[in-house]
Amino acid sequence: MIALYKINSPLAEKIADILYKFDQKPTFYYSKNSLLDQIMNPLVLITSCSYIEEVETLHVPIVPLSINLSDVEKVIQEENLYSNKWIIVASKQEIEWLKLEKNLSLKDHFQFIVKDNLSQDNIQKNSIFFVSAWENNFLFPPYLEKNIRYVEPSIATITSAVRQALSLISITRDMLREKYQVEAVVNSAHDGIIAVDRSGHITLTNENAKHFLGLEGEVIGRKITDYIPHSDMVRVLQTGKKEIGDIAKIFDRQMVINRFPIIISDKVVGAVSNFKEITEIQKLEMKVRKKLHHSGLEAKYRLMDIIGNSVEVSDVKQQAKLFAETNATVLITGESGTGKELFAQGIHLESNRAVCPFVAVNCAAFPESLLESELFGYEEGSFTGAQKGGKQGVFELAHGGTLFLDEIGEMPLRIQTILLRVLQEKSIRRIGGNRTIPLDVRIIAATNRNLDEEVEQKRFRSDLYYRINVLTLELPPLRRRIQDIPLLVQSMIAQFNEEREKKIETLEEDVYPFLMSYHWPGNIRELRNIIERMVLLNNGPKLSISQSPFLQKLQRKNYQDLKENQLSLKQGEKELIQYALNKYSNKTMAAKSLGIDRSTLWRKIKEYNL
Ligand SMILES: Nc1ncnc2c1ncn2[C@@H]1O[C@H](COP(=O)(O)OP(=O)(O)OP(=O)(O)O)[C@@H](O)[C@H]1O
């Protein structure tokens, strides 16, 4: 909107007509107070240059309107006033304005008198007085009436002022939009933000900054050093250098502070600082990790979900529970497929790190160079093909939680050395980076190798071995816990039924002896695979050997295995007989299920002391 300040008729009507042509509705104000009540955005004032000082303090754009010398010359020409002496009477400001005009042929012939200095002494009767239209309330002596000409700004002058006002409105609108945008950004930030000008006066701040710095009331325009006597922003103003990640105390709170110079045309014109409480960053970090954690960095199995009632498994579960209460590194040993990762997850979920990420990495799955970046991450540009912005390694992803290093026995010696340093220093350095990132990660390592032997063979660092071998969990192979097979099988059938939409109820009883006498080199993973294939290929309610080529194969394989290894054969036979005896209270039935006669069964019972 364009407001007209202290503009009387007939000039007011003239300006209003021009404004209407530009689709603008004129609004007239005659006192500063009425204007103060009405200030709205974006508002531009058109007023005589005589009143500029009056309205300057309103901080709205002003377009000065004045008569100009060509307006005066036009009157001279129209009335042919060439023989007279010409005096221009106007306010001090308007005269200054007129004197600035250039290239006018008659300029040097005018005498300028500020209206307040007009007196009998400087009034010469034969002069012609050109009085600015704004000064029409000045009282001239009656005998001079005929010598007075009131000069108004021409249509061209007014039109140019209106055009100026319109372009100011559009600039103001853009500036206001930007201002609101900056305010919204600054206020929506969780950081404290404060900016100062070249001389250290505060030009902008948000509520968080006020809160952290304990600022009250209007602080804009005040010196930053009034509040923070040794403010580091003063140094940034002097050096023009940004300072990132400074850690300092502000009123007992540990803050991370960034400071940036504001540079225009190579000159430091101010500085801006943002700061955040370290605890806030840690909370955010935790949130991000939790989010990541939900997208895959999560443990699923609790210790109580691990199936098995055998003494062997119950003991290990008991031990794992105790380990979960500590923060110490755990080494889980056991053959492949015995459930080492399951136990690692169980310990994590039982520990006070349960809400934080559980990250598993298989050290045997990566070539040396990739394993290093997988574990410790890398900085941008550290090698060809490195991801923009760098990449977090699993150590960083597991911060606050547990990192499961599976098959640690396969880790190359060079990486073992880095890992040892990380465990000692509790911090990592990304590849190609020079900053140290402190971390809180619990390590659970697993191996199916004999690490003592690996150390002896110098394939595993002894110092790393001692470091990770604080608490050891030894998982029994499946052949040493065959009593758990029926339970495992039932739970697997239930799971595959759900996954494959099948309705298999159980396994025929006569299958168990074969499953229980097999030596299971692949342990539970192998059992799982076999059951899964059987479920896939059967539609009846029960899984039986005759329906399953896999079981038949297993039967033959079992026989061969037993033949190859007399010890296993004996052990398998003993366990098989024990199973049959537990299962059938009647020895005839037990013998029948084993495919032997009663007397052989009795002999075996004696032989194995059953
Ligand atoms: N007690 C259990 N109950 C049910 N399933 C189990 C049990 N233990 C292991 N499994 C299953 O066996 C498979 C192998 O388990 P896991 O990966 O934990 O073994 P691992 O010892 O870590 O093997 P590897 O040494 O090969 O990495 C998984 O599919 C797991 O779900």
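The structure presented is a predicted model; accordingly, all values stated were derived computationally and were not measured.

**Focus: the overall build of the protein**
- Check the secondary structure of the protein and you find 24 helices and 22 strands.
- Here the C-alpha radius of gyration of the protein, 46 Å, is well above what a compact globule of 610 residues would show, namely 25 Å.
- For the C-alpha atoms alone, the extent of the protein along its principal axes is close to 155 × 55 × 45 Å.
- In the protein, which comprises 610 residues, the share counted as buried stands at 46%.
- Taking the contacts inside the protein whose residues are at least 6 apart along the sequence as the reference set, 64% of them involve residues at least 24 apart.
- When the accessible surface of the protein is totalled, it reaches about 33100 Å², and 50% of it is carbon and sulfur.
- A gap of 5 Å separates the mean positions of the 79 positive and 78 negative side-chain charges of the protein.

**Quick look at helix α6 (residues 155-188)**
- With 34 residues, α6 ought to run about 50 Å at 1.5 Å a step, and its terminal C-alpha atoms sit 49 Å apart, in line with that.
- Burial in α6 covers these residues: Thr157, Ile158, Thr159, Ala161, Val162, Ala165, Ile169, Thr172, Leu176 and Val186.

**Brief notes about unusual backbone geometry**
- We note that Asp23 has phi near 60 degrees; this positive angle belongs to a residue other than glycine.
- Looking at the element boundaries, Asp23 is found in the loop between α1 (11-21) and β2 (27-29).
- Unusually for a residue other than glycine, Trp520 sits at a positive phi of about 45 degrees.
- Tracing the chain through its elements places Trp520 in the loop between α19 (512-517) and α20 (523-537).

**Section: a nonpolar patch on the surface**
- Nonpolar side chains collect at one region of the surface, where Ile262, Ile264 and Val269 lie side by side and expose about 220 Å² of accessible area between them.
- With respect to the element layout, Val269 can be found in strand β13 (residues 267-277).
- Its relative accessible area of 32% is what places Val269 among the partly exposed residues.

**A word on the pattern of salt bridges**
- Applying the stated criterion across every chain yields a total of 29 salt bridges.
- Between Glu79 and Arg149 there is a salt bridge whose closest N-O contact spans 2.7 Å. Placement of Glu79 in helix α4 (residues 69-79) and of Arg149 in strand β8 (residues 148-151) is noted, with a sequence separation of 70 residues between them.
- With relative accessibility at 38%, the residue Glu79 sits in the partly exposed group.
- By relative accessible area, Arg149 is classed as buried at 16%.
- Between Lys92 and Glu96 there is a salt bridge; the shortest N-O distance is 3.9 Å. With Lys92 and Glu96 both in helix α5 (residues 92-99), this residue pair falls 4 residues apart, about one helical turn.

**Remarks on the site of the ligand**
- With respect to spatial proximity, 17 residues lie near the ligand, and among them Ser336, Gly337, Lys340, Asp406 and Arg525 are the closest.
- Here Gly337 contributes a backbone N or O atom positioned 3.0 Å from an oxygen atom of the ligand.
- Within the contact set of the ligand, an oxygen atom lies 3.3 Å away from a side-chain nitrogen or oxygen of Arg528.
- Coverage of the ligand by the protein chains reaches 88% of its 630 Å² of free accessible surface.
- Mapped by element, the contributors of at least two residues to the shell around the ligand are α12 (340-350) and α20.

**A word on the sheet that holds strand β3 (residues 44-48)**
- Read across the open sheet, the 4 strands follow the order β2-β1-β3-β4; overall the sheet is parallel. At either margin of the open sheet sits one strand with a lone partner, and together these are β2 and β4 (62-65). Within the sheet, the average angular offset between the axes of one strand and its neighbour, ignoring direction, is 25 degrees.
- Note that β3 and β4 share 4 bridges and pair parallel. Looking across to β4, one finds that Leu45 is bridged to Ile62.
- In the packing of α1 onto the sheet, the strands contacted are β1 (2-5), β2 and β4, and the crossing angle to β1 comes to about 170 degrees.
- Against the sheet, α6 touches β1, β3 and β4, its axis set at about 175 degrees to β4.

**Quick notes on the packing of helix α11 (residues 311-324) against α12**
- The geometry of α11 relative to α12 is characterised by a closest axis approach of 8 Å and an angle of 45 degrees between their N-to-C directions. The angle between α11 and α12 falls in the class oblique. Classified by chirality, the crossing of α12 by α11 is right-handed. Every residue of α12 that contacts α11 at Val316, Lys317, Ala320, Lys321 and Ala324 is listed here: Phe343, Ile347 and Glu350.
- Looking at the contact of α11 with α12, its residues break down into 5 nonpolar, no polar and 3 charged.

**Re the UniProt feature "domain: PAS" (unreviewed entry) in the protein**
- As annotated in UniProt, the feature "domain: PAS" (unreviewed entry) corresponds to residues 178-218 in the numbering used here.
- For the annotated span residues 178-218, helix accounts for 44% and strand for 24% of the residues, and the straight-line distance between the end C-alpha atoms is 22 Å.

**Things to note about the packing of α1 against α6**
- One way to put it is that α1 packs onto α6 with a least axis distance of 10 Å and a crossing angle of 55 degrees. The angle between the axes of α1 and α6 places the two elements in the oblique class. Note that α1 runs across α6; the crossing there is right-handed. Listed contacts from α6 to Leu11, Lys14, Ile15, Ile18 and Leu19 of α1 are Ile155, Ile158, Thr159 and Val162.

**Examining the sheet that holds β13**
- Taken together, the 5 strands give an open sheet; going across it, the order is β10-β9-β13-β12-β11, and neighbouring strands pair in antiparallel fashion. Of all strands in the sheet, those with a lone pairing partner are β10 (202-205) and β11 (243-250), marking the two edges. Within this sheet the neighbouring strands show an average axis-to-axis angle of 25 degrees, counted without direction.
- Across 6 bridges, the pairing between β11 and strand β12 (residues 253-264) is antiparallel. Across the sheet, Lys249 pairs through a bridge with Gln254, a residue of β12.

Definitions and cut-offs
- Residues numbered from 1 in each chain as written.
- Predicted model: local features only at pLDDT ≥ 70, side-chain atom pairs only at ≥ 80, totals over all residues.
- Heavy atoms only, no water.
- Helix = DSSP H or I, 4+ residues; strand = E, 2+ residues; numbered from the N terminus.
- Rg over C-alpha atoms; globule rule 2.2 N^0.38 Å.
- Buried < 20%, exposed > 50% of the residue type's maximum accessible area, 1.4 Å probe, protein only.
- Contact = heavy atoms within 4.5 Å.
- Areas by Shrake-Rupley, 256 points an atom, 1.4 Å probe, with all protein chains shown as cover.
- Lys, Arg positive; Asp, Glu negative; His and termini not counted.
- Charge placed at Lys NZ, Arg CZ, Asp CG, Glu CD.
- Expected span 1.5 Å × (residues − 1).
- Patch = residues over 30% accessible without salt bridge, like charges linked within 9 Å, V, L, I, M, F, W, Y side chains within 5 Å.
- Salt bridge = Lys/Arg side-chain N within 4 Å of Asp/Glu carboxyl O.
- Near = heavy atom within 4 Å.
- Polar contact = N/O pair within 3.5 Å; in protein donor to acceptor, adjacent residues only side chain to side chain.
- Pairing = 2+ DSSP bridges.
- Axes fitted to C-alpha atoms, helices over the stretch in contact; angles between N-to-C directions.
- Parallel < 35°, antiparallel > 145°, perpendicular 65-115°, else oblique.
- Left-handed = near helix turned anticlockwise from the far one by under 90°.
- Nonpolar A, V, L, I, M, F, W, Y, C, P; charged D, E, K, R; others polar.
- UniProt positions renumbered as here; feature names shortened; annotations may be inferred.

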